[in-house]
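A closer look at the structure
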Amino acid sequence: MSAGPEIVVSASPTVGEAAGVEPQVSRRGLVVAVANQKGGVGKTTTTVNVAAGLAELGARALVLDMDPQANATTALGVDPRVERLSVVDALLRDLPLETLLVETAVAGLCLGPASPGLADAELELVPQLSRELRLRRALAPVRDRFDYVLVDCPPSLGLLTVNGLAAAQTVLVPMQAEYYALEGLTQLLRTLRLVQENLQPTLALGAIVLTMFDPRSKLAAEVEDEVRRHFGDTVCATVIPRSVRLSEAPSFGQPITLFDPISRGAASYRALAKEVDARAARWLGTGAGLTPTSEHASS
């Protein structure tokens, strides 16, 4: 498998450290872009449930929904069809981000909702000055009010995703354990390199998390082995299982930790939130992090 061009990878704890560390919340202002240009890999599910898990740990968390489909907005109990201020107003009309944030049912978790207007934002951003940096500018006044800001990027490589990456310090990549997901990862790594070179030099690949994992599948096990071999401890120890309850939760407008707190999915995302928090100490203040060896960059 070729993992694409060399990409900066954040220093991360070993699997043992990630599994055993006590949560150390207070990573003030860490912006994490949750991105994968391939759709259907659990990107929004991961954004919402990791944010909810971090809030359970005592963090102040913010989810910014940059996807015109507004799935993160719906999953956190906000109807995107109701007319209200949304992220598009901050991007295109310079409205202060703080004026559009919505409290969710999870204590400590806020939402910057999406709206149908985001579908037109790609085109409207084209003539804007510093169009790739609009989200970074909008976030600047409120970023330090939160320990974590998770940006749910669209499953594409347009200006909305580029804005999310350019505003972030690190990237969390949800990845389904299937063959075509590896190709999507290769393309994403190329994009991260371009953003690093042109917009955000300190952007780093923070972690890859395997989602919708079926332990009965031989292919899933082979993909997991391959990804761990190439990316080492950048791949999270926590694996998210395929779960009907995880699929049902968004239709009730709740993260899995509220919808079914004793389910396998809830336990997995709580574990992932603790692992993200453990890695965050290294993500913050490490600059561009570590450059992987050629073995990590290609095969």
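None of these values were measured; they are calculated from a predicted model.

**Notes on the overall build of the chain**
Looking only at helices and strands, one finds 13 helices and seven strands in the chain. Sorting the 299 residues of the chain into buried and exposed places 54% on the buried side. Considering only intrachain contacts with a sequence separation of at least 6, the fraction spanning at least 24 residues in the chain is 82%. Counting only carbon and sulfur atoms, one obtains 53% of the accessible surface of the chain, whose full area is about 12,100 Å².

**What about the packing of helix α5 (residues 118-125) against helix α7 (residues 159-167)?**
Relative orientation of the contacting elements α5 and α7 amounts to 80°, with a least axis distance of 9 Å. When the axes of α5 and α7 are compared, the pair comes out roughly perpendicular. When α5 is examined against α7, the residues Leu118, Ala121, Glu122 and Leu125 are found in contact with a partner set consisting of Leu159, Leu160 and Asn163.

**Overview of the pattern of salt bridges**
Using the criterion set out here, one finds 16 salt bridges in the structure. Taking the shortest distance from any N to any O, the salt bridge between Arg93 and Asp89 comes out at 3.0 Å. Note that Arg93 and Asp89 are positioned in helix α4 (residues 87-93) at a spacing of four residues, about one turn of the helix. Owing to a relative accessible area of 12%, Asp89 belongs among the buried residues under this scheme. Glu224 is the salt-bridge partner of Arg228, the closest N and O atoms lying 3.0 Å from each other. Of this pair, Arg228 and Glu224 both sit in helix α9 (residues 218-231), four residues apart, which is roughly one turn of that helix. Each of Lys43, Asp67 and Asp152 takes part in one network of salt bridges that share partners.

**Brief notes about the side chain of Asp65**
For Asp65, the location among the structural elements is in strand β2 (residues 61-65). It is Lys43 that comes nearest to the buried, bridge-free Asp65 among opposite-charge side chains, at 6.9 Å. A polar contact of 3.4 Å, which involves the side chain of Asp65, links it to the backbone nitrogen of Ala72. Of the polar contacts made by the side chain of Asp65, one reaches the side chain of Thr73; its length is 2.7 Å. With sequence-adjacent residues up to four places away left out, Asp65 is seen in contact with Ala70, Asn71, Ala72, Thr73, Val87, Gly112, Pro113, Ala114, Leu118 and Asp152.

**Side note on the confidence of the model for the chain**
Residues shown with low pLDDT carry predicted positions that ought not to be read at fine detail. Taken over all residues, the pLDDT of the chain has a mean of 84, while the share at 70 or more is 86%. The model gives residues 286-299 a pLDDT under 50, and that stretch makes 32 contacts with residues more than four places away or in other chains.

**Let's talk about the packing of helix α8 (residues 179-198) against α9**
At their nearest, the axes of α8 and α9 sit 9 Å apart, and the two run at 25° to each other. In terms of their interaxial angle, α8 and α9 are classed as roughly parallel. Contact residues: α8 offers Tyr179, Leu182, Leu185 and Leu189, while α9 offers Leu219, Val223, Val227 and Phe231. For the contact of α8 with α9, the per-class residue count stands at eight nonpolar, no polar and no charged.

**Concerning the pairing of strand β7 (residues 204-211)**
Of all eight residues in β7, eight are buried; the element is thus mostly enclosed. Note: strand β6 (residues 170-176) against β7, seven bridges, orientation parallel. The residue bridging Pro174 from the neighbouring strand is Val209, located in β7. The parallel pair β6 and β7 is bridged by α8, and the resulting crossover is right-handed.

**As for α5**
Buried within α5 are the following residues: Leu118, Ala121 and Leu125. Viewed along the axis of α5, the buried residues span an arc of 20°, placing them on a single side of the element.

**Remarks on unusual backbone geometry**
A positive phi angle is found at Asp94, which is not glycine, with a value near 55°. Structurally, Asp94 can be placed in the loop between α4 and β3 (102-103). On the basis of relative accessible area, Asp94 is assigned to the exposed category, the value being 56%. In this structure, Met212 takes a positive phi of about 50° despite not being glycine. Position of Met212 among the secondary structure elements: in the loop between β7 and α9. Since its relative accessible area comes to 24%, Met212 is described here as partly exposed.

Basis of the calculations
- Numbers given for residues are sequential positions, taken from 1 along each chain in its written order.
- Local features in this predicted model are restricted to residues of pLDDT 70 or higher, and side-chain atom pairs are both shown and tallied only at a pLDDT of 80 or more, whereas totals for entire chains, interfaces and linings draw on every residue.
- Only hydrogens and water are set aside when side-chain values are computed; all heavy atoms of the structure are taken into account.
- Helix numbers and strand numbers start at the N terminus; a helix is a DSSP run of H or I with at least 4 residues, a strand a run of E with at least 2.
- Classification of residues uses two cut-offs on accessible area relative to the type maximum, computed with a 1.4 Å probe and protein chains only: under 20% is buried, over 50% is exposed, and between them is partly exposed.
- In what follows, a contact means two residues having at least one pair of non-hydrogen atoms within 4.5 Å.
- Where accessible areas are quoted, they stem from the Shrake-Rupley method and a 1.4 Å probe; at the residue level, only the protein chains shown are allowed to cover.
- Axis geometry follows a simple rule: fit a line to the C-alpha atoms, using only the stretch in contact for helices, then measure angles between N-to-C directions, giving values from 0 to 180 degrees.
- Throughout this description, any angle smaller than 35 degrees is read as roughly parallel, any larger than 145 degrees as roughly antiparallel, any in the 65 to 115 degree range as roughly perpendicular, and the remainder as oblique.
- Throughout this description, the term salt bridge denotes a Lys or Arg side-chain nitrogen within 4 Å of a carboxyl oxygen of Asp or Glu.
- Under the counting rule used here, the positive set is Lys and Arg, the negative set is Asp and Glu, and His together with the chain ends is not counted.
- Nitrogen and oxygen atoms within 3.5 Å of one another constitute a polar contact, given that in protein one can donate a hydrogen and the other can accept it, and given that sequence-neighbouring residues count only through two side-chain atoms.
- The quantity known as pLDDT measures the predictor's confidence residue by residue, on a range of 0 to 100.
- For this classification, Asp, Glu, Lys and Arg are treated as charged, while Ala, Val, Leu, Ile, Met, Phe, Trp, Tyr, Cys and Pro are nonpolar and the rest, including Gly, are polar.
- Pairing between two strands requires that DSSP report at least two bridges joining them.
- Whether a crossover is right-handed comes down to one check: with the strands pointing away from the viewer, does the path from the first strand over the helix to the second run clockwise; if it does, it is right-handed.
- Think of the arc as the fan of directions from the helix axis to the C-beta atoms.

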